[in-house]
Amino acid sequence: MRTFEGFIKGVNIGGWLSQCWLKKEHMDTFITEQDFADIKNLGLDHIRLPIDYMLIENEEGEPLEEGYEYIDKAVLWAKKYGLNVLIDLHRTAGYSFGNFKDCSGFFTDEVLQERFFSLWDKLSARYGKYDHVAFDLLNEVVDENVSDKWNEIALRAIERVRKNAPDNWILVGGARYNHIYSVKELLLPPDDKIVYSFHYYEPHIFSHQGASWEKTMPLEFRVSYPLSAEEYMDISDTQLNGAYSWFFKQIHKDAKGIDMLEHMFLEAVEVAKERNVPLYCGEYGVIVNADPQDTLRWYKDMNAIFTKYGIGRAAWSYKKMGFGIIDDHMKDVIDDLKNYL
């Protein structure tokens, strides 16, 4: 299995140009050049840069130059500090992972699809000339029933990007919120600069404890790491009505820590080896509600798995967004955490 060279250890700059108030006041202050220097000092080699389509085009699909200027800054600052950049289209017109039930039309509406392709025409034309830039086609496809259609759309998007960026890496993620189990369903790579992407937040009961956006998760719920699969499933069954039990049913009940986490990687690693495609984890992390020492132990185990299989990754997220690795709740462990990102 090949590696995604230059994109081995990274962090998402979430909440700057995506999932936020896209106003000048915020974008001028939330992230500055100093943050790129600080990211480099964390020992990282790249950033994943989520962007929303509303940043760079209006409702009619016409370009917004002032939005592109922030991406320009990120690309140039990254170059200055020796970082690579993965431009991630977090939301496109007609599709958002956050309200996917209202977005099923994207997979049947050719007008919306063409707008998606056209957006990648513009992004690849503007940034394909930079050898430190890669492209992540779409953040998370949620519905498992559109896997085949998404492969068709992704292939057409790759063809459009290649017209402007013949040598840049392109990432494609699968369904089920880009779950690692969906790697096997991804299209066969049309060229040798394709990367299979996935996101990893398992065990979800730990990484999303007390998450306000999870309908099945009480705000006051807390759980530690590591516990055995059996222990987590018992907690899920008795306290959360079995909402998170499915993960633990796939694993031997006595599996714990790194053995439990690694189990889910095995199938995707085999697929990547067979197709000789690099694997990349575009998001992984732990909510601020978790005990920082537990979070540190989880990152240590994840780092061991990524290193074992040569998988690149980007932690979610640099600051804020409920997962910030440099926020105050992590200040007592950040020096150790740097070793495991």
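Before reading further, recall that the structure is shown in the block above.
Residues numbered from 1 in each chain as written. Predicted model: local features only at pLDDT ≥ 70, side-chain atom pairs only at ≥ 80, totals over all residues. Heavy atoms only, no water.

Caption draft 1: Spatial organisation of helix α13 (residues 292–309). The end-to-end C-alpha separation of α13 is 26 Å, in line with the 26 Å expected for 18 residues at 1.5 Å each. Those residues of α13 lying buried are D294, T295, L296, W298, Y299, D301, M302, N303, I305, F306 and Y309. Its side-chain oxygen placed 2.9 Å from the backbone nitrogen of Q293, D291 serves as the N-cap of α13. Looking one or two places after α13, you find G310, whose phi comes out positive at around 65 degrees. (Helix = DSSP H or I, 4+ residues; strand = E, 2+ residues; numbered from the N terminus. Expected span 1.5 Å × (residues − 1). Buried < 20%, exposed > 50% of the residue type's maximum accessible area, 1.4 Å probe, protein only. Polar contact = N/O pair within 3.5 Å; in protein donor to acceptor, adjacent residues only side chain to side chain.)

Caption draft 2: Main features of the sheet that holds strand β7 (residues 279–284). Overall, parallel pairing links the 8 strands, which are arranged β1-β2-β3-β4-β5-β6-β7-β8 in a closed barrel. Between one strand and the next, the sheet's axes are offset by a mean angle of 25 degrees, whatever the strand orientation. Pairing of strand β3 (residues 84–91) with strand β4 (residues 133–136), which is carried by 4 bridges, proceeds in the parallel orientation. Its bridge partner being in β4, I87 is matched across the sheet by F135. Along the sheet, helix α6 (residues 147–164) contacts β4, β5 (170–173) and β6 (194–200); its crossing angle with β5, the most-contacted strand, is approximately 170 degrees. In the packing of α13 onto the sheet, contacts are made with β1 (9–12), β6, β7 and β8 (312–315), and the angle to β7 comes to roughly 165 degrees. (Pairing = 2+ DSSP bridges. Axes fitted to C-alpha atoms, helices over the stretch in contact; angles between N-to-C directions. Contact = heavy atoms within 4.5 Å.)

Caption draft 3: Geometry of the pairing of β7. With 6 of 6 residues buried, β7 is to be regarded as a mostly interior element. Where β6 lies against β7, 5 bridges are found, and the strand directions are parallel. Within β7, the residue paired with F198 across the bridge is C281. Sheet topology places β7 next to β8; 2 bridges connect them, and they run parallel. Counted as the bridge partner of C281 is R313 from β8. Read from β7 through α13 to β8, the crossover connection turns out right-handed. (Right-handed = clockwise from strand over helix to strand, strands pointing away.)

Caption draft 4: Molecular detail of the pattern of salt bridges. Under the counting rule described, the total for this entry stands at 21 salt bridges. As a salt-bridge pair, R48 and E283 come within 3.1 Å of each other at their nearest N and O atoms. A residue pair is termed long-range when its members are at least 10 positions apart, and R48 in strand β2 (residues 46–52) and E283 in strand β7 qualify at 235 residues. The two residues R48 and E283 agree in class, both being buried. For D131, the salt bridge identified is with K79, shortest N-O distance 3.7 Å. Taken together, the positions of D131 in the loop between α5 (110–127) and β4 and K79 in helix α4 (residues 65–80) put the pair 52 residues apart, joining distant regions of the chain. (Salt bridge = Lys/Arg side-chain N within 4 Å of Asp/Glu carboxyl O.)

Caption draft 5: Fine view of unusual backbone geometry. E202 connects to P203 through a cis peptide bond whose omega is -10 degrees. For P203, the position within the fold is in the loop between β6 and α8 (204–207). The step from Y225 to P226 runs through a cis peptide bond, and the omega angle for that step is 5 degrees. Turning to its location among the elements, P226 is positioned in the loop between α8 and α9 (229–239). Of note, the phi angle at R176 is positive, near 60 degrees, even though the residue is not glycine. Note that R176 resides in helix α7 (residues 175–178). In this model, N276 sits at a positive phi of 55 degrees, which is unusual for a non-glycine residue.

Caption draft 6: Highlighting the nonpolar core. Formed by 111 residues in total, the largest nonpolar core has its most connected members in W16, I71, F116 and Y200. The residues contacting Y200, other than those within four sequence positions of it, are I180, F247, L261, M264, F265, C281, E283, Y284, G285, W298 and M302. Core analysis: the second largest hydrophobic core is formed by 9 residues, F7, W169, L171 and A314 among them. (Core = buried A, V, L, I, M, F, W, Y, C linked by side-chain atoms within 4.5 Å.)

Caption draft 7: Structural context of the packing of aromatic side chains. Scanning the model with the defined rule gives 26 aromatic pairs in all. Aromatic side chains F106 and F107 sit 5.2 Å apart centroid to centroid with 85 degrees between the ring planes, which places their arrangement in the edge-to-face category. Here F106 falls in the buried class, since its relative accessible area comes to 0%. An angle of 20 degrees between the planes, with centres 5.3 Å apart, marks the rings of Y232 and F248 as stacked. Residue Y232 is located in helix α9, and its partner F248 is located in helix α10 (residues 245–249); the two are separated by 16 residues in the primary sequence. Taking relative accessible area as the criterion, Y232 reaches 0% and is therefore assigned buried. Pairwise contacts between aromatic rings join F198, Y200, F265, Y284, W298, Y299 and F306 into one cluster. Over the ring of W169 we find K193; its NZ or CZ atom is 4.8 Å from the centre of that ring. Lying across the ring of F30, K319 places its NZ or CZ 4.8 Å from the centre. (Phe/Tyr/Trp six-rings, centres within 6.5 Å; stacked < 30°, edge-to-face > 60°. Lys NZ or Arg CZ within 6 Å of the ring centre and 35° of its normal.)

Caption draft 8: Here's a closer look at the environment of F116. Here F116 shows up in helix α5. The sequence separation of F116 and N41 amounts to 75 residues, and the corresponding C-alpha distance is 35 Å. Once residues within four sequence positions are removed from consideration, F116 is found in contact with L89, T92, F106, L137, L138, W150, I153 and A157.

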